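Commentary on secondary and tertiary structure
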Amino acid sequence: VIRAIELSRQLGLMQEGGFLLKDKFEFAQDLIRQAVTYVRNRMTEDLQIEEKTRFDDLVTNIDKDTQDFMVSRIQTNYPDDYILGEENDLYHDVKEGHVWVLDPIDGTVNFIAQGRDFAVMIAYYEEGLGKFGLIYDVTGGNLYSGGGQFEVTCNGKPLSSYQNRPLFRQLLGANGRMYADNYLGLADFAQELLGVRVLGSAGISMSRVLEGQLFGYCSSISPWDYAAASIMGEKLGYELLTMTGEPLDYKSRQAVMFIPKAEVARVKKVIHK
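As a starting point, this report considers the structure included with it. (Residues numbered from 1 in each chain as written. Predicted model: local features only at pLDDT ≥ 70, side-chain atom pairs only at ≥ 80, totals over all residues. Heavy atoms only, no water.)

**Let's talk about the sheet that holds strand E13 (residues 238–242)**
Spatially, E11-E10-E12-E14-E13 is the arrangement adopted by the five strands of the open sheet, whose pairing is mixed. Single-partner strands in this sheet number two, and they are strand E11 (195–197) and E13. Each neighbouring strand pair of the sheet contributes to a mean axis angle of 20°, computed without reference to strand direction. Alignment of strand E10 (residues 171–174) against E11, held across three bridges, turns out to be parallel. Within E11, the position partnered with Leu171 by the bridge is Gly195. Sheet contacts for helix H6 (residues 202–210): strand E12 (216–221), E13 and strand E14 (254–260); angle to E12, the most-contacted strand, approximately 155°. Strand contacts of helix H7 (residues 223–236): E12, E13 and E14, with the helix running at about 140° to E13, the strand carrying the most contacts. (Pairing = 2+ DSSP bridges. Helix = DSSP H or I, 4+ residues; strand = E, 2+ residues; numbered from the N terminus. Axes fitted to C-alpha atoms, helices over the stretch in contact; angles between N-to-C directions. Contact = heavy atoms within 4.5 Å.)

Shown next as structure tokens:
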């Protein structure tokens, strides 16, 4: 009897935990839609643009305001959770507690110069384990979401796991400077594919990988750039790893590759060489 009671209690806790996680996933979908609406409504404003580390590392007042909006909603609904955000030095280790990872505008240069090809991104971790991720292609109108226990979808339509195809029939997404410099043999590897696409947004590029439009993506990016896609990609047969073979630290900018797990050994032979 005692054992039955304990098993019943554990099952109840599991169901409660799943229910709470489902609530958070639904909250995140609502939050990212609100953030996208917020950005769209302000796109006609005169932007206040600042340089961060160099002339092409930019942030606008809308980046900052959008993150503030998202942070406020999370803190109101989940006051015990932590936040790792791109702007305003908002840092917390994803391995400690319940952590939301926010990128209010991924592809800020595209946002400034083109008004397109940028994304809003959210990822959620519990004690270092990715529970779900979301990428919203703002001008394309596509919401990618899921990972963990949730199916990965685009606008509610399930995405397929990686389908093996010959490399010479696929495209690679990459950082333009790394490709031009043949960083760790990146350009050499690209010769095995149809070509390279430089989109200027990690979120947009990695969402194309999730849809099977790109074989993979290589760039030097930060945790808020890759967190959402890495969680969804894990569910679909993709792996995020550093190009030098070191573990991701989820703290700093690192050179990474987001590629099919089935092709990791093959890619490493060229990249590491």
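After presenting the structure, the write-up continues.
**Description of the nonpolar core**
Residues Met206, Phe215 and Phe258 are the most contacted members of the largest nonpolar core, which totals 55 residues. Per element, the largest residue contribution to this core is eight residues, and it comes from H7. Discounting chain neighbours no more than four positions away, the residues touching Met206 are Tyr217, Ile221, Asp225, Tyr226, Ala229, Leu240 and Phe258. In terms of nonpolar packing, the next biggest core, distinct from the first, is built from 29 residues, Leu31, Val71, Ile105 and Ile122 among them. (Core = buried A, V, L, I, M, F, W, Y, C linked by side-chain atoms within 4.5 Å. Buried < 20%, exposed > 50% of the residue type's maximum accessible area, 1.4 Å probe, protein only.)

**Notes on helix H2 (residues 61–77)**
Each turn of an α-helix holds 3.6 residues, which means side chains three or four residues apart point in the same direction. Between the first and last C-alpha of H2 there are 25 Å, a value that for 17 residues agrees with the 24 Å anticipated at 1.5 Å per step. Listed as buried for H2 are Asn61, Ile62, Asp63, Thr66, Gln67, Met70, Val71, Arg73 and Ile74. Two or three places before Ile62, at the start of H2, stands the capping residue Thr60, its side-chain oxygen 3.1 Å from that residue's backbone nitrogen. (Expected span 1.5 Å × (residues − 1). Polar contact = N/O pair within 3.5 Å; in protein donor to acceptor, adjacent residues only side chain to side chain.)

**A word on the environment of Glu45**
Summarising the element assignment, Glu45 is placed in the loop between helix H1 (2–42) and strand E1 (49–51). Note on Glu45: relative accessible area 34%, which makes it partly exposed. Once the C-alpha coordinates of Glu45 and Ile62 are considered, the two residues, 17 residues apart in sequence, prove to be 9.3 Å apart. A polar atom in the side chain of Glu45 sits 2.9 Å from the side chain of Arg42.

**Some thoughts on H6**
For H6, a buried count of eight out of nine residues is recorded, marking the element as mostly surrounded by other parts of the structure. Turning to H6, its buried residues are Ala202, Gly203, Ile204, Ser205, Met206, Ser207, Val209 and Leu210. Here H6 starts with a cap whose side-chain oxygen sits 3.4 Å from the backbone nitrogen of Gly203, and that cap is Ser201. At the C-terminal side of H6, Gly212 shows a positive phi close to 85°.

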